[in-house]
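Residue-level listing of the chains:
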Amino acid sequence: MLAPSYSSPAETPKEVVFVLDNSGSMAGDKIKQAKDSLSFCLKSLRKNDRFNVLIFNNSVTAYKDAMVSADDENIKAAIRYVNSFNTSGGTNIKMALSEAVRMFSNSKSALKLVVFVTDGIPTVEETDVKKILAGIKTTAQEPGIRVFPFGVGYDVDAYFLDRIAENHKGISEYVLP
């Protein structure tokens, strides 16, 4: 369950970008577990929330071009969208997180959250963890975005995912198969 570390009214709207790694390293039980978790999160959104889903490997594919309302139709369509992908390719974490940050509106009233589901091992384009962290910090600081990494599997780069969470007032969680 995701929740800010401070108390906020239940009515506070959220803008959530779900980012799912579908690279080859997520094959098998990891991708099934990740898709099931993402479906649960989507079904947990409230009517006044807005969301988008990004699927990434070598490139990033968005469910929609912008945030959408968390109505029943969009949630069902987003779940179908997530389930339509198979694993393949490398892991372009820098591009995925940069695109996630770009999705947010300028709304000052909404909580802005990124749920980042991956094994956390960058393999495409920028692979230097320190450079990726510096780039993410620069792009996500201004809008007050909180990032919640979820590492899936045994071969997770926990150090990297913990730093992402630490730099963006999130919490990292890890799920074993």
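These numbers were taken from a predicted model, which means no experiment stands behind them.

### Observations concerning the overall build of the chain
- A count of helices and strands for the chain gives 5 helices and 7 strands.
- Seen in sequence order, the chain has helices and strands lined up from the N terminus as β-α-β-β-β-α-α-β-α-β-α-β.
- Counting every position in the chain, which comprises 177 residues, the buried fraction comes to 47%.
- Just so you have it, the chain exposes about 8800 Å², and 53% of that area is on carbon and sulfur atoms.

### Quick notes on the pairing of strand 2 (residues 50-56)
- Counting buried residues in strand 2 gives 6 out of 7 residues, a clear majority hidden from the surface.
- Judged from the 7 bridges that link them, strand 1 (residues 14-21) and strand 2 form a sheet pairing that is parallel. From the neighbouring strand, Val16 faces strand 2, where its bridge partner is Phe51.
- Handedness of the β-α-β unit built from strand 1, helix 1 (residues 29-43) and strand 2 comes out right-handed.
- Where strand 2 meets strand 4 (residues 68-69), 2 bridges bridge the pair, whose relative direction is antiparallel. When the sheet's bridge partners are listed, Phe51 is paired in strand 4 with Val68.

### Quick notes on the environment of Arg80
- With respect to the helices, strands and loops of the structure, Arg80 is situated in helix 2 (residues 72-83).
- Overall, the relative accessible area of 55% leaves Arg80 in the exposed class.
- Separated by 41 residues in sequence, Arg80 and Ser39 place their C-alpha atoms 9.3 Å apart.

### Here we look at unusual backbone geometry
- Look at Glu125: it is not a glycine, yet its phi comes out positive at around 55°.
- Among the structural elements, Glu125 can be located in the loop between strand 5 (111-118) and helix 4 (129-141).

### With respect to the pattern of salt bridges
- Per the stated rule, a full pass over the model turns up 8 salt bridges.
- Among the ionic pairs, Arg50 bridges to Glu15, the shortest N-O distance being 3.7 Å. One end of the pair, Arg50, is in strand 2; the other, Glu15, is in strand 1, with 35 residues separating them in the sequence.
- Residue Glu15 is classed as buried on the basis of its relative accessible area of 3%.
- In this structure, a network of salt bridges that share partners links the residues Lys30, Asp119 and Asp155.

### With respect to the nonpolar core
- Phe18, Leu20, Leu42, Leu45, Phe51 and Val53 are the most contacted members of the largest nonpolar core, which has 26 residues in total.
- Looking at which element gives the most residues to this core, the answer is helix 2, with 5 residues.

### Re the environment of Ala110
- With respect to the helices, strands and loops of the structure, Ala110 is situated in the loop between helix 3 (93-102) and strand 5.
- Separated by 98 residues in sequence, Ala110 and Thr12 have C-alpha atoms that sit 6.4 Å apart.
- If sequence neighbours within four positions are ignored, Ala110 has contacts with Pro13 and Glu15.

### Re the side chain of Thr12
- Along the polypeptide, Thr12 turns up in the segment before strand 1.
- For Thr12, the residues in contact, after removing those within four places along its chain, are Asn48, Asp49, Ser109 and Leu111.

### What to know about the packing of aromatic side chains
- Summed over the entire model, instances satisfying the criterion amount to 4 aromatic pairs.
- Summarising the aromatic geometry, the rings of Phe56 and Phe116 are spaced 5.9 Å apart at their centres and angled 20° between planes, so their arrangement reads as stacked. Linking Phe56 in strand 2 with Phe116 in strand 5, this pair joins segments that are 60 residues apart in sequence.
- On the basis of relative accessible area, Phe116 is assigned to the buried category, the value being 0%.
- Between the aromatic rings of Tyr81 and Phe85, the centroid separation amounts to 5.0 Å while the plane-to-plane angle is 75°, which identifies the pairing as edge-to-face.
- A relative accessible area of 15% places Tyr81 in the buried class.
- The positively charged end of Lys64 is found above the aromatic ring belonging to Tyr63, 5.3 Å away from the centroid.

How each quantity is defined
Residues numbered from 1 in each chain as written. Predicted model: local features only at pLDDT ≥ 70, side-chain atom pairs only at ≥ 80, totals over all residues. Heavy atoms only, no water. Helix = DSSP H or I, 4+ residues; strand = E, 2+ residues; numbered from the N terminus. Buried < 20%, exposed > 50% of the residue type's maximum accessible area, 1.4 Å probe, protein only. Areas by Shrake-Rupley, 256 points an atom, 1.4 Å probe, with all protein chains shown as cover. Pairing = 2+ DSSP bridges. Right-handed = clockwise from strand over helix to strand, strands pointing away. Salt bridge = Lys/Arg side-chain N within 4 Å of Asp/Glu carboxyl O. Core = buried A, V, L, I, M, F, W, Y, C linked by side-chain atoms within 4.5 Å. Contact = heavy atoms within 4.5 Å. Phe/Tyr/Trp six-rings, centres within 6.5 Å; stacked < 30°, edge-to-face > 60°. Lys NZ or Arg CZ within 6 Å of the ring centre and 35° of its normal.

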